[in-house]
Amino acid sequence: MTEKFRSLTETLILHHSLSSEDYEYLLANRSEESAALLAKEAVRVRKEMYGNTVYIRGLIEISNICRNDCLYCGIRKSNLKCKRYRLMPEEILACAEEGYALGFRTFVLQGGEDAFYTDDILCDLIGRIRERYPECAVTLSLGERSTESFLRLYEAGAERYLLRHETADEGHYGQLHPPEMSFRNRMKCLYALKEIGYQTGCGFMVGSPFQTYKTLAEDLKFIETFRPDMCGIGPFIPHKDTPFGKGKGTSEKVELTCYLLSIIRLIHPPVLLPATTALSTLHPQGREKGILAGANVVMPNLSPQSVRAKYELYDHKLFSGEESAEEIENLRQRMKRIGYEIVTDRGDRA
Ligand code: 5AD
């Protein structure tokens, strides 16, 4: 490890900020030793903020119908092979009920941009969840909507919103998305969510096509300035029925994702950072690796078994797992083995 690397790490720890060039330097000069240093510091910082707790969120994938055509995504509208489904409000409530019984106190409603879910339908649903489970938080992850819509959903009781920015480089954004989608609107949505008062999550894929250390440095700079409450990052994994279907998810992406988790923890200590499904899809110990790099959230799937395989954002997405009582106990044990404790309270940002 170079002297420069050490000194940049110290600056990052002290000031939570580096120039884009210096972020690039950290990314380009990775080694096992430097990754270990960043992870150690990230874990120290995260323990100061959150002790050894890991928050658990119940993910309900409500629909894979999407009006968008993102080039990387398995549920893009042009993928005619995708078997579409949509959960009805009653089915979503049943998932929440099951999740509640398992100890979940946050429900994440995630889905494609499906026009079925009008503000009226969502407000009613959010209201019913909040009424039944007043101590639970509702997180939405339903893509881009109008500011008025975000406001109505917030007023109905949704307090958190996840909307990955995907890349903070406008040119790169254009390479990943069809012309009708815009970086500006993405950013507009993110700032509107924050302004309304949502705990707001952004995030990006690691190893996406055309990504460079320069664009990743921009992502880090964006996180530094936007200061999201949450940040979801995971490796890009090709989906065979998309334009970016060739290529493989590689172990390098696992390492780079963990490396970035550490840097993000140091940039913004209180951030809620999930060890994502994509990370555990590429590596059997993905969740553990993420936590040991500075993540502090896991998001098991609560969607009904019958639809799970269909929410296929990328090839071989894990869709069985930690959703039964037995499996959650298993996850708890796995976390315990590396020194962490799953907690079921709402887990707002420290
Ligand atoms: N690999 C990894 N992540 C993906 N996403 C979409 N497609 C892929 C893929 N092929 C992520 C995007 C999106 C979230 C729902 O899933 O970042 O925001």
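Please refer to the structure higher up on the page.
I will try to describe carefully the structure that is included in this document.

About the thresholds
- Residues numbered from 1 in each chain as written.
- Predicted model: local features only at pLDDT ≥ 70, side-chain atom pairs only at ≥ 80, totals over all residues.
- Heavy atoms only, no water.
- Helix = DSSP H or I, 4+ residues; strand = E, 2+ residues; numbered from the N terminus.
- Polar contact = N/O pair within 3.5 Å; in protein donor to acceptor, adjacent residues only side chain to side chain.
- Contact = heavy atoms within 4.5 Å.
- Pairing = 2+ DSSP bridges.
- Buried < 20%, exposed > 50% of the residue type's maximum accessible area, 1.4 Å probe, protein only.
- Near = heavy atom within 4 Å.
- Areas by Shrake-Rupley, 256 points an atom, 1.4 Å probe, with all protein chains shown as cover.
- Nonpolar A, V, L, I, M, F, W, Y, C, P; charged D, E, K, R; others polar.
- Core = buried A, V, L, I, M, F, W, Y, C linked by side-chain atoms within 4.5 Å.
- Phe/Tyr/Trp six-rings, centres within 6.5 Å; stacked < 30°, edge-to-face > 60°.

1. Thoughts on the side chain of His 165
Then, number 1: With respect to the helices and strands, His 165 occurs in the loop between strand S5 (160-162) and helix H7 (170-176).
Then, number 2: Only 3.0 Å separates the side chain of His 165 from the side chain of Asp 219, close enough to count as a polar contact.
Then, number 3: If we skip the residues at most four places from it in the chain, His 165 touches Tyr 173, Arg 186, Met 187, Leu 190, Cys 202, Gly 203, Phe 204, Asp 219 and Phe 222.

2. Things to note about the sheet that holds strand S8 (residues 297-298)
Then, number 1: Overall, parallel pairing links the three strands, which are arranged S8-S1-S9 in an open sheet. Edge positions in the open sheet fall to S8 and strand S9 (341-343), since each of these has one partner strand only.
Then, number 2: One ladder, built from two bridges, connects strand S1 (residues 53-56) with S8; its direction is parallel. Counted as the bridge partner of Tyr 55 is Val 297 from S8.

3. Quick word on the environment of Asp 348
Then, number 1: Residue position: Asp 348 is located in the segment after S9.
Then, number 2: Residue classification places Asp 348 among the partly exposed residues on the basis of a relative accessible area of 29%.
Then, number 3: Along the sequence, Asp 348 and Gln 199 sit 149 residues apart, while their C-alpha atoms lie 8.6 Å from each other.
Then, number 4: For Asp 348, the residues in contact, after removing those within four places along its chain, are Tyr 50, Arg 160, Gln 199 and Leu 272.
Then, number 5: Polar contacts involving the side chain of Asp 348 include one to the side chain of Arg 160, which spans 2.9 Å.
Then, number 6: At a separation of 2.7 Å, a polar atom in the side chain of Asp 348 contacts the side chain of Gln 199.

4. Section: the environment of Ile 62
Then, number 1: Following the sequence through the fold, Ile 62 ends up in strand S2 (residues 58-63).
Then, number 2: Counting along the chain gives 200 residues from Ile 62 to Ser 262, while the straight-line C-alpha distance between them is 31 Å.
Then, number 3: In contact with Ile 62, not counting residues within four places along its chain, are Tyr 85, Arg 86, Leu 87, Ile 92, Leu 109, Gln 110, Gly 111, Tyr 117 and Leu 142.

5. Structural notes on the site of the ligand
Then, number 1: Lining the immediate surroundings of the ligand are Tyr 72, Cys 73, Arg 164, Glu 166, Met 205, Pro 235, Phe 236, Ile 237, Leu 313 and Tyr 314.
Then, number 2: Interatomic distance of 2.9 Å between a side-chain N/O atom of Arg 164 and an oxygen atom of the ligand.
Then, number 3: Here Glu 166 contributes a side-chain N or O atom positioned 2.4 Å from an oxygen atom of the ligand.
Then, number 4: Considering the ligand on its own, with 400 Å² of exposed area, one finds that the protein chains cover 87% of that surface.
Then, number 5: Taken together, the residues that form the shell around the ligand break down as eight nonpolar, no polar and two charged.

6. Quick word on the nonpolar core
Then, number 1: Core analysis: the largest hydrophobic core is formed by 100 residues, its most contacted members being Ile 60, Phe 107, Leu 140, Leu 260, Ile 263 and Ile 264.
Then, number 2: When residues in this core are grouped by element, the largest group, ten residues, is from helix H10 (residues 251-267).
Then, number 3: Dropping the residues within four chain positions of it, Ile 60 is found in contact with Leu 87, Ile 92, Cys 95, Ala 96, Phe 107, Val 108, Leu 109, Gln 110, Leu 302 and Ser 303.
Then, number 4: Core analysis: the second largest hydrophobic core is formed by ten residues, Tyr 55, Leu 59, Leu 162 and Met 230 among them.

7. Concerning the packing of aromatic side chains
Then, number 1: Counted according to the given criterion, the structure contains eleven aromatic pairs.
Then, number 2: Judged by centre distance (4.7 Å) and plane angle (25°), the rings of Tyr 100 and Tyr 133 are stacked. Placement of the pair is Tyr 100 in helix H4 (residues 89-101) and Tyr 133 in the loop between helix H5 (119-132) and strand S4 (137-141), with a sequence separation of 33 residues.
Then, number 3: The exposure class of Tyr 100 is partly exposed, given its relative accessible area of 25%.

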